[in-house]
Structures are given as structure tokens and as C-alpha cells.
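Structural overview for review
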2 protein chains.
Amino acid sequence: MASMNDVARRAGVSIATVSRVLNNSSSVNEETRLKILKAIKELKYQPSRVAKRLRSKGGPGNLLGVLIPDIQNPFYVDVLRGIEDIAYKNNYVIIVCNFSQDEKKEAMYLDILESEAIDGLIAAPASEDDVRVKKMVQNGLPVVCVDRGLNGIDVDVVWVNNDAGAFAAVDYLAKAGYKRIGHIAGLPTIPSSRLREAGYRRALAENNLPFDPQWLVYGNSTYKSGVELAEKLLSLPTPPDALFTGNNLITLGALETIHKRKLHIPNDVAIIGFDDMNWSNSLNPPLTAVRQPAYEIGQRAGELLIQRIRDPKRAPIQMTLNSELMVRGSC
Amino acid sequence: MASMNDVARRAGVSIATVSRVLNNSSSVNEETRLKILKAIKELKYQPSRVAKRLRSKGGPGNLLGVLIPDIQNPFYVDVLRGIEDIAYKNNYVIIVCNFSQDEKKEAMYLDILESEAIDGLIAAPASEDDVRVKKMVQNGLPVVCVDRGLNGIDVDVVWVNNDAGAFAAVDYLAKAGYKRIGHIAGLPTIPSSRLREAGYRRALAENNLPFDPQWLVYGNSTYKSGVELAEKLLSLPTPPDALFTGNNLITLGALETIHKRKLHIPNDVAIIGFDDMNWSNSLNPPLTAVRQPAYEIGQRAGELLIQRIRDPKRAPIQMTLNSELMVRGSC
DNA sequence: CTGAAAGCGCTAACAG
DNA sequence: CTGTTAGCGCTTTCAG
């Protein structure tokens with residue numbers, strides 16, 4: 001790896017001049033500029049991002065951190081793609097930190113990101129009281145949250161109207177004539193889970209459907225929780241005739257249980273999921289679902305972050321994107 | 001962010017000594033060691049990984065690059081999780097570079113990784129003639145390939161026996177009585193695609209089934225290609241009675257087409273996929289598929305890479321893991 | 001056992 | 001327009 005020194009020597013100039021042509025920071029004699037460019041090409045010189053980052057603390061190190069709770073969830077993968085596309089276009093690279101819903105792992109990753117001198121962070125915090133992420137924004141690191149906000153702190157957030165999305169889903173179920181609508185929810189510590197549950201309850205109420213506590217069950221938003229909680233609901237003496245599942249993985253798990261029990265969708269039990277998937281049409285019947293624009297969430301978050309890096313004192317923005325009910329065949 | 005200097009000053013020692021206790025590099029008086037540890041705690045000192053990386057070129061910067069062709073493919077997500085778990089355990093962080101099958105993007109990422117002074121790279125190269133990845137291993141960077149090897153170069157590779165896996169799948173179909181077995185393949189530029197096709201042809205031959213070129217179609221391994229090529233096959237005057245799909249995304253796409261045409265699986269058309277999914281049981285009927293141990297592939301690759309970083313001249317290993325036919329209900 | 005000092009590759013004053 | 005120099009935070013001789 002050629003260094004700036006090598007280039008300078010080869011071009012017969014000082015490293016400062018090389019740095020100047022590299023950054024267009026001040027005008028350089030055209031002739032020497034050409035000489036330097038030539039040397040750069042000949043040596044295949046590539047500036048070291050590490051040295052740059054070390055040197056210009058707070059400057060553009062072109063490194064972003066992304067902190068997500070579960071990379072197995074296709075929703076986050078799509079968010080990631082959105083972030084990545086924006087990052088790529090702006091010459092940023094991202095360090096992906098998947099903490100698998102493990103707060104210890106999250107803490108460790110956050111330490112590392114700090115120590116890597118990232119320019120900014122996009123995070124879906126473990127909870128809205130996440131002390132570690134809070135501290136990072138208090139320390140002045142540009143942060144934007146996705147999917148989940150942070151209590152008592154003003155940060156950029158990009159999310160979806162979870163309450164309204166859930167309401168739309170359950171309302172649709174109610175209007176379609178389902179009377180016993182169950183909900184497999186995620187942990188109430190996660191804001192979006194609570195919001196979705198709220199939408200569920202609200203839709204029940206507005207449609208004069210009774211809320212039966214035995215039809216509302218909580219899990220940790222994994223595939224396994226979907227399998228088991230669907231099992232539990234469907235084993236009830238009076239099981240739900242429709243299921244509203246709180247996220248992607250739960251939906252998939254519930255589907256496994258339904259098929260295993262040889263239940264027909266939607267005749268025996270209907271299902272509607274929060275979170276659409278790119279391949280919802282590959283399911284049989286095709287899944288009706290609340291679609292979050294995951295890729296777009298990622299993009300917006302990426303844009304906001306880069307903005308904030310450039311202008312750290314811009315007022316925080318909460319960007320609420322619209323969810324959309326994708327009606328297909330499962331209810 | 002406190003620096004080593006701050007710690008040294010607070011403890012009343014030199015930075016060299018601080019560095020020593022941090023790295024256990026040589027013995028330090030127990031008393032001063034304690035003093036330093038105390039100062040570290042008080043200042044919440046965290047070593048800068050950036051500075052460390054800059055300083056000790058070739059030393060442990062604790063940064064790995066991962067280059068994958070398509071993060072939308074669940075297979076790579078699982079590989080990623082495997083890598084990440086191993087990396088995490090060894091105090092490494094990974095930079096994920098998803099090049100979306102775009103060679104220009106791949107080149108750009110490789111430049112960046114080089115410039116980030118990564119300690120090693122795990123890559124699923126665009127092709128087995130991938131010049132850029134080849135160059136990186138020739139330059140002495142520790143590299144391990146997953147899923148795909150590199151022509152004419154000795155590198156660590158972790159993959160699966162693609163030929164045998166495909167053979168098992170198609171052989172199963174043949175033994176089950178299907179006579180017109182079609183194959184939706186990936187691009188032949190990708191080694192694993194060729195190998196899977198070879199297995200397909202071999203199984204046909206060994207079962208005395210005719211090979212009909214119209215039943216073998218190629219696409220770029222995306223969901224869309226699955227949708228369209230399945231459409232094409234099923235529109236044939238004599239369509240296949242079974243489909244062997246070349247990867248995850250193709251399978252999902254083909255499923256969409258099958259359902260859209262209201263075809264019954266397996267009566268109207270059977271399907272068997274290469275690449276299993278964690279939620280194959282959520283499909284209706286559950287999908288029969290060739291399972292690659294994706295997570296394990298990632299783990300092994302991670303381990304091999306860390307080994308190689310520690311011992312750069314260890315002889316390259318080609319690790320072939322076994323695929324497994326998961327028989328479920330789709331054929 | 002400990003400190004001084006060089007240097008990794010780069011940027012940003014400061015001179016000239 | 002260009003060169004010199006200090007220093008980002010750290011590791012690593014080399015002395016002592």
C-alpha cells in the first residue's frame with residue numbers, strides 16, 4: 001500500500017501538496033497537480049481511511065454504525081439495505097452490529113463503535129430507555145433511531161405509525177366478520193409492540209368486539225414464540241377465529257403451527273401480519289399484512305444521519321412513514 | 001473520550017506503562033498496575049481501535065470485512081450470523097459489504113476495505129475469476145471464500161457439496177415418479193450454479209430420464225427470475241411435473257407463480273428447492289429442500305479466517321460441508 | 001520495572 | 001502556490 005509519502009517523493013513535492021490536490025483544499029499549480037495525479041495513478045495510491053479518521057476527529061471518517069436487534073428479521077434486513085444504499089452513495093461504509101436482542105452484546109458493540117470513532121449511528125435501541133444509546137447522543141454523536149424512539153430525549157426518529165397500522169389490520173378483520181380476534185404480541189418493553197397492541201385494542205373497541213385477555217399473548221418476537229403462542233391460542237377451548245401477529249417472525253411461526261394442525265386459512269383461522277415480506281405471495285394463501293416501507297425507512301434514516309453529521313445542531317425530526325394494509329388471501 | 005495520555009497523567013506514569021498494562025506486554029510493578037487500572041476506571045478509558053490499527057499495521061486491528069453478493073438472500077444472512085458470532089467472540093467487528101451482484105459496487109467496496117486496513121476478508125466473490133478478490137489474497141491479505149472458490153489460486157474455502165446436494169434432490173424426485181423435472185438455475189458464471197446444474201443432469205441420466213433443454217432455464221438468482229422462469233416453464237406445451245429451483249429466492253418466486261396459477265403442490269407440480277429456509281414449515285405445503293448449513297458455513301469461515309490471521313502461512317483448506325435433503329410436503 | 005522517543009498516514013495551521 | 005511542522009492515540013524499541 002503506497003502512502004502519501006511515496007506519492008510525494010515520486011512527484012517531487014511535499015506531502016502537504018499531495019493532500020491539497022486530494023482534497024481540493026487550496027489551489028495548486030496545474031502542472032504540479034498533474035504530476036501528482038500521475039504519481040497517484042502509477043502507485044495506485046489509495047488514501048488510508050484509518051489515518052484520516054484518527055487525524056480529523058469529528059471530521060469525515062466515512063464510517064457509520066448500525067445497531068439492530070435481530071438480523072434474522074427480514075424487516076431489519078430491508079432497513080439495512082436502505083441505509084446501505086444511501087451510505088454507499090455518500091462514500092460511507094457501515095459497521096453492522098446485530099445484538100440479537102441481547103443487551104450485553106449491545107453494550108459491547110456500542111463500546112466498540114465508540115472506539116472505532118464512527119461518524120454517526122443508526123440504531124433500533126433495545127428499549128426506549130436504552131441508557132447506552134442515550135449516552136451516545138448526549139455525548140454529541142449524531143444518532144438517528146429507527147423503529148423505536150428514545151424516552152425523554154430529542155433524537156431523529158424514523159418509524160411508522162404502528163398504532164394506525166395495527167388498527168387498520170384488526171379493523172379489517174372485524175369488518176370482515178371475525179369475532180374472536182387474537183393477538184400475538186412482542187415484548188411490551190418494545191415501544192412498537194405496545195403501540196401495535198394499542199391499535200389492536202382500539203379496533204376491537206370501535207367495532208364493539210369484546211376484549212378477551214386470554215386471546216392476547218406476549219412473546220419475544222421470534223419465530224419460536226410465534227409457533228408456541230399460536231399453539232397456545234389455538235388450543236384454547238374457544239380459540240380465536242383470526243390472528244393478528246405482531247411481527248414477521250411471529251407470523252411465520254404461527255403459520256407453521258396452523259399448517260401443522262391442518263387448519264385451513266382463512267376458513268378455520270384467518271391471519272394478518274404486521275410486517276409484510278417481499279415474498280408474501282409465495283405463501284399459500286398469500287398473506288394479508290401491514291406493510292412497513294422498510295427499505296424506505298432505512299433510506300430516510302441514512303439521509304437524516306448524513307444531514308445531521310453535516311449540521312449537528314439541526315433540530316431533531318420525527319419522521320412517521322405510512323404503513324399500508326396489503327390485502328391478500330389470508331383473511 | 002479519554003486518551004491514554006489522560007490515563008498516564010492521572011496515574012502519574014508514562015503512556016508506555018499504561019500501554020503495557022493494557023496489553024500485558026511486559027511485567028509492571030503491581031502497585032503501579034493498580035494505580036493505572038484505577039485511573040482507567042475513573043476516566044472510563046477506552047482504547048482507540050483506530051489508533052491501534054494505524055500504528056500496528058498487520059497487527060490486530062480487530063476489523064474484518066465481509067463481502068456478499070446479496071443480502072436479500074436468507075442464505076447469506078445466516079452465513080453472516082455465523083461469521084458475526086465468531087467475530088464477536090474474538091473481539092472482532094465486521095464491515096458488511098453487500099454488492100448486490102454489481103461488480104462495480106464490489107470493486108468500490110474492496111477499495112474501501114483495503115483503505116480501512118482490515119485484518120482479513122470473508123468473501124463470496126462475484127465469480128471464480130474475480131480479479132479483485134484474487135489480488136487481495138495475492139497481496140497477502142488473509143482471505144477465506146464462502147460458497148464460491150477462486151480459480152487458479154489457493155485459498156481457504158468453505159462450501160457445500162453442491163453437486164451432491166442437487167443430485168440428491170433430483171434423484172429423490174425421479175424415484176418419487178416424476179418424469180419431467182425442470183430446473184431453474186442461476187447464472188452459469190457462478191460456480192455453485194454450474195455444480196447444481198451438473199448434479200441435476202447427472203441425476204436425470206442415472207435415472208434414465210431424458211434431458212430436455214427446454215426444461216432447463218437460467219436467471220440471475222433473484223426472486224423475480226424465479227417468478228418469470230417458473231411462468232415460462234409452466235407455460236410450455238408439455239410443462240415439467242416437478243421443479244428443482246436453484247436457490248432460495250428462485251424458490252420463493254416460483255412459489256408465487258405456482259400459487260397464482262392455482263396449481264396444487266405436489267399434484268399439479270412438485271417443487272424442491274436448493275437452500276432450505278428457517279421457515280420452510282411455514283409454507284403450504286412445507287417445502288422439501290436441500291439444506292446448506294449456512295450458519296455453520298459462516299462459523300467455519302470465521303474460524304478459518306482468524307486462524308489464518310494468526311498464522312498467515314498455514315496451508316489453505318477447502319472445507320466441504322454436507323448438505324442434507326429435508327423431505328417435507330412439496331413433492 | 002519504567003520512561004523517552006520514533007513513527008503509523010494523514011490534515012491543518014503557519015511560514016515563506 | 002508550496003513546504004515545514006505539530007499532532008491525532010497508540011505500540012515498540014532503546015535506554016536507563
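Residues numbered from 1 in each chain as written. Chains lettered and ligands numbered in written order. Predicted model: local features only at pLDDT ≥ 70, side-chain atom pairs only at ≥ 80, totals over all residues. Heavy atoms only, no water.

Details of the nonpolar core
Considering soluble globular proteins, one finds that nonpolar side chains tend to be buried as a cluster. Counting residues in each nonpolar core, the largest one holds 148 residues, and the members touching the most others are A:I181 and B:I181. The residues touching B:I181, leaving out its near neighbours within four places in the chain, are B:V170, B:L173, B:A174, B:Y200, B:L204, B:L209, B:W215, B:P240, B:D241 and B:A242. Among the nonpolar cores identified, the runner-up in size contains 50 residues, and B:I118, B:C145, B:V157 and B:W159 belong to it. (Core = buried A, V, L, I, M, F, W, Y, C linked by side-chain atoms within 4.5 Å. Buried < 20%, exposed > 50% of the residue type's maximum accessible area, 1.4 Å probe, protein only. Contact = heavy atoms within 4.5 Å.)

What about the packing of aromatic side chains?
Under the criterion given, the structure shown has seven aromatic pairs over all chains. Centre to centre, the rings of A:F244 and A:F274 are 6.5 Å apart; their planes meet at 55°, and the pair counts as tilted. Residue A:F244 is located in strand β8 (residues 242-245), and its partner A:F274 is located in strand β9 (residues 270-274); the two are separated by 30 residues in the primary sequence. Pairing A:W279 with B:W279 gives two aromatic rings, centres 4.0 Å apart and planes at 10°, and the pair type is stacked. You can see A:W279 sitting in the loop between β9 and β10 (288-291) and its partner B:W279 sitting in the loop between β9 (270-274) and β10 (288-291), one on each of two chains. Take A:W279: its relative accessible area is 9%, and that puts it in the buried class. (Phe/Tyr/Trp six-rings, centres within 6.5 Å; stacked < 30°, edge-to-face > 60°. Helix = DSSP H or I, 4+ residues; strand = E, 2+ residues; numbered from the N terminus.)

Section: the interface of chain B and chain A
Listed per partner, the contact involves 47 residues of chain B and 47 residues of chain A. It is B:V50, B:Y88 and B:S282 that lose the most area in chain B upon contact with chain A, and together they represent 14% of the buried surface on that side. Taken together, the links from chain B to chain A amount to eight salt bridges. The partner of A:D85 in a salt bridge is B:K105, and the shortest N-O contact between them spans 3.4 Å. In this structure, the connection of chain B to chain A is made through 27 residue pairs in polar contact (both at pLDDT 80 or more). Of all elements in the fold, only α4 (49-55), α5 (74-89), β2 (93-98), α6 (103-115) and α11 (248-260) of chain B reach the threshold of two or more residues within the side of chain B that touches chain A. No other element matches α6(B), which puts eight residues into the side of chain B that touches chain A. (Buried area = accessible area lost by both parts, 1.4 Å probe. Salt bridge = Lys/Arg side-chain N within 4 Å of Asp/Glu carboxyl O. Polar contact = N/O pair within 3.5 Å; in protein donor to acceptor, adjacent residues only side chain to side chain.)

Notes on the domain arrangement of chain A
Examined at the domain level, chain A breaks down into domain 1 (1-47) and domain 2 (162-291). A straight line from the C-alpha centre of domain 1 of chain A to that of domain 2 of chain A covers 62 Å. (Domains from an automatic or database assignment.)

Describing the relation of the copies chain B and chain A
Note on the identical chains: chain B maps onto chain A by a rotation of 180° and an axial translation of 0.0 Å, with an RMSD of 0.1 Å. Expressed as a symmetry operation, the mapping of one chain copy onto the other fits a two-fold axis. Relative to the rotation axis, the closest C-alpha in chain B is found at B:I95, a distance of 2.3 Å. The residues that chain B uses at the interface reappear at the interface of chain A in 100% of cases, marking a shared surface. (Least-squares fit on C-alpha atoms with pLDDT ≥ 70 in both.)

Digging into the protein's contact with DNA strand D
Around DNA strand D there are 25 residues in total, and A:R20, A:S27, B:M4, B:Y45 and B:R55 lie nearest to it. In this structure, a phosphate oxygen belonging to DNA strand D sits 3.4 Å away from a side-chain N or O atom of B:N23. Here a phosphate oxygen of DNA strand D sits 2.4 Å away from a polar atom, N or O, in the side chain of B:Y45. Breaking the surface near DNA strand D down by element, the ones donating at least two residues are α2 (15-23) and α4 (49-55) of chain A together with α2 (15-23) and α4 of chain B. By residue number, the principal contributor to the surface near DNA strand D is α2(B), which donates five residues. Partitioning the surface near DNA strand D into residue classes produces 10 nonpolar, 10 polar and five charged. (Near = heavy atom within 4 Å. Nonpolar A, V, L, I, M, F, W, Y, C, P; charged D, E, K, R; others polar.)

Side note on the sheet that holds strand β6 (residues 181-185) of chain B
Strand pairs in the sheet, formed through backbone hydrogen bonds, run parallel or antiparallel to each other. Residues and elements named next belong to chain B. If you trace the six strands from one edge of the open sheet to the other, you get β7-β6-β8-β9-β10-β12, paired in mixed fashion. Looking at strand neighbours, the two that pair on one side only are β7 (216-218) and β12 (324-326), the edges of this open sheet. Across the sheet, the mean angle separating the axes of adjacent strands is 15° when strand polarity is ignored. Note: β10 against β12, three bridges, orientation antiparallel. (Pairing = 2+ DSSP bridges. Axes fitted to C-alpha atoms, helices over the stretch in contact; angles between N-to-C directions.)

Description of the UniProt feature "domain: HTH cro/C1-type" (unreviewed entry) in chain A
Annotation from UniProt places "domain: HTH cro/C1-type" (unreviewed entry) at residues 3-46 of chain A. Along residues 3-46 of chain A, the helical share is 70% and the strand share 0%, with 8 Å between the first and last C-alpha atoms. (UniProt positions renumbered as here; feature names shortened; annotations may be inferred.)

Some remarks on the pairing of β2(B)
All names here are of chain B. Of all six residues making up β2, six are buried, and the element is well covered by its neighbours. Where burial is concerned, the two faces of β2 agree: the one with V93, I95 and C97 and the one with I94, V96 and N98 are both buried. In the sheet, strand β1 (residues 63-68) pairs with β2 via six bridges, with the strands oriented parallel. Directly across from L64, in β2, lies its bridge partner I94. One crossover worth recording links β1 to the parallel β2 by way of α5, and it is right-handed. (Right-handed = clockwise from strand over helix to strand, strands pointing away.)

What about helix α9 (residues 191-206) of chain B?
Three or four residues apart is the spacing at which side chains of an α-helix point the same way, because the helix has 3.6 residues per turn. All names here are of chain B. Counted at 1.5 Å a residue, the expected span for α9 with its 16 residues is 22 Å, and the 22 Å between its end C-alpha atoms agrees. Listing the buried residues of α9 in full gives P191, S192, S193, R196, E197, G199, Y200, A203 and L204. Against the buried residues of α9 lie α8 (162-175), β6, β7, β8 (242-245) and β9. Directly beyond the C-terminal end of α9, a positive phi value near 55° is found at N208. (Expected span 1.5 Å × (residues − 1).)

Regarding the protein's contact with DNA strand C
Residues in contact with DNA strand C amount to 25 residues; listed here are only the nearest, A:M4, A:Y45, A:R55, B:R20 and B:S27. When the atoms of DNA strand C within 4 Å of the protein are grouped by moiety, sugar and phosphate amount to 54% of the total. One nitrogen or oxygen atom from the main chain of A:M4 is found 2.4 Å from a phosphate oxygen belonging to DNA strand C. For DNA strand C, a base nitrogen lies 2.8 Å from a polar atom in the side chain of B:R55. Of all elements in the fold, only α2 and α4 of chain A together with α2 and α4 of chain B reach the threshold of two or more residues within the surface near DNA strand C.

What about the side chain of B:S282?
Assignment of secondary structure puts B:S282 in the loop between β9 and β10. Reaching out from B:S282, the side chain makes a polar contact with the backbone oxygen of A:L252 at a distance of 2.7 Å. Setting aside chain neighbours within four positions, we find B:S282 in contact with A:Y223, A:L252, A:G253, A:L255, A:E256, A:H259 and A:L283.

A closer look at α2(B)
Residue and element names in this part refer to chain B. Listed as buried for α2 are T17, V18 and V21. Within α2, the buried residues cover an arc of 105° as seen down the axis, which keeps them to one side. Here the buried face of α2 lies against α1 (4-11) and α3 (30-43). One or two residues past the end of α2 sits N24, with phi positive at roughly 50°. (Arc of directions from axis to C-beta.)

Re unusual backbone geometry
Note the cis peptide between B:I265 and B:P266, where omega equals 0°. Assignment of secondary structure puts B:P266 in the loop between α11 and β9. With an omega of 0°, the peptide bond between B:N284 and B:P285 qualifies as cis. Tracing the sequence through the fold places B:P285 in the loop between β9 and β10. Positioned with a positive phi, A:N208 is a non-glycine residue whose angle comes to about 55°. With respect to the helices and strands, A:N208 occurs in the loop between α9 (191-206) and β7 (216-218).

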